[in-house]
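Tertiary structure, described
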Amino acid sequence: MTLDLDAQGTVSTDSLDPELVAQVEALFKTARKHMAKRRWDEALATYEEIIALQREAGDDLGVARTQNDIASLYLAQREWQQALELLEQVLPVLQEAEADDDVAIALNNLAAAHYELGDAARGLEIYEEALQLRRDQGNAIGEAKTLRNIGVFYGKRGDVHRAKSYLNRALVVAKQANSKELVRAIRQSLSQVGRRGKKRR
């Protein structure tokens, strides 16, 4: 079972030149295409190009959002420590800016990094924090993704009952949000938990 690793950087448009905004948006699309095709080096180079433009424009929040995406890239490459260190730098900036959507993404990624580095208790604590934030936002897709991540977390730890409980809750929320792609992903996770449970009997 795999976690949902979010890459959601957005362009800060306040006081920025429209041409620069359009350029950064185009580069984000390019970076995510590279991510989707697992072309990590190309994705990282594109993100670094974005950061250079954002720094030149004095867009500190934009830089933090892009670094949040880079942390997702590190997680996808199983570079847990690099992701953790970057997220710990980025999270305070996002929190100070009250960029709650970005904060929730960073928390999900930070939880995954802590878990993979062996600190399961801290990982679960951060997931629960992200879940509450998603609920406060009324972000059903984000809530379903976080519930799925917690379910996968318990599945990896061999706790089939809790894994299925969280995954079933995720499925309900994803259906309510009409996210067919996420519903498929959650159902796949549920089927994997079931197979693992049968093997242990």
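Read on for an overview of the structure. The structure presented is a predicted model; accordingly, all values stated were derived computationally and were not measured.

The next point concerns the packing of helix α7 (residues 140–156) against helix α8 (residues 160–176). Packed helices, taken two at a time, are described by the angle between their axes plus the distance between the axes. Close contact between α7 and α8 brings their axes to 8 Å; oriented N to C, the two are set at 165°. Here α7 is positioned roughly antiparallel relative to α8, judged by the angle of their axes. The two elements α7 and α8 cross, and the hand of that crossing is left-handed. For the pair formed by α7 and α8, the contact residues are Ala140, Glu143, Ala144, Leu147, Arg148, Ile150, Gly151, Val152, Tyr154 and Gly155 on the first element and Arg162, Ala163, Tyr166, Leu167, Arg169, Ala170, Val173 and Ala174 on the second. Each residue belonging to the contact of α7 with α8 can be placed in one class, and the counts come to 12 nonpolar, two polar and four charged.

The subject of this paragraph is the packing of aromatic side chains. Following the criterion strictly, the structure yields five aromatic pairs and no others. Ring centres of phenylalanine 28 and tyrosine 47 lie 6.4 Å apart, and the angle between their planes is 65°; on these two criteria the pair is classed as edge-to-face. Of this pair, phenylalanine 28 sits in helix α1 (residues 18–36) while tyrosine 47 sits in helix α2 (residues 40–56), and the two are 19 residues apart along the sequence. Each member of the pair, phenylalanine 28 together with tyrosine 47, is buried. Judged by centre distance (5.3 Å) and plane angle (85°), the rings of phenylalanine 153 and tyrosine 154 are edge-to-face. Exposure class is identical for phenylalanine 153 and tyrosine 154. Each is buried. Linked through ring pairs, Tyr115, Tyr127, Phe153, Tyr154 and Tyr166 together constitute an aromatic cluster. The ring of tyrosine 166 has arginine 169 lying over it, and the distance from NZ or CZ to the ring centre is 4.5 Å.

Parameters at a glance
Every chain is numbered independently, its residues counted from 1 as its sequence is written. Totals for whole chains, interfaces and linings use every residue, but because this is a predicted model, local features are given only for residues with pLDDT of at least 70 and side-chain atom pairs only at 80 or more, for both listing and counting. Calculated side-chain values reflect all of the structure's heavy atoms, with hydrogen atoms and water omitted. Each axis is a line fitted through C-alpha atoms, taken for helices only over the stretch in contact, and angles between the N-to-C directions span 0 to 180 degrees. The helix count covers DSSP runs of H or I at least four residues long, the strand count covers runs of E at least two residues long, and both are numbered beginning at the N terminus. Roughly parallel refers to an angle under 35 degrees, roughly antiparallel to one over 145, roughly perpendicular to one between 65 and 115, and oblique to any angle outside these ranges. Here is the rule for handedness: rotate from the far helix to the near one, and if that takes an anticlockwise turn smaller than a right angle the crossing is left-handed, while a clockwise turn gives right-handed. The contact rule is simple, with two residues in contact once any of their heavy atoms fall within 4.5 Å. In this classification, the charged set is Asp, Glu, Lys and Arg, the nonpolar set is Ala, Val, Leu, Ile, Met, Phe, Trp, Tyr, Cys and Pro, and all remaining amino acids, among them Gly, are polar. Between the rings of Phe, Tyr and Trp (Trp by its six-membered ring), a pair exists once the centres lie within 6.5 Å; its type follows the angle of the planes, with under 30 degrees stacked, over 60 edge-to-face, and the other angles tilted. Think of it in three bands: with a 1.4 Å probe and only protein chains considered, a residue is buried below 20% of the maximum accessible area for its type, exposed above 50%, and partly exposed in between. Charge-over-ring placement is defined geometrically: NZ (Lys) or CZ (Arg) within 6 Å of the ring centre, and within 35 degrees of the ring normal.

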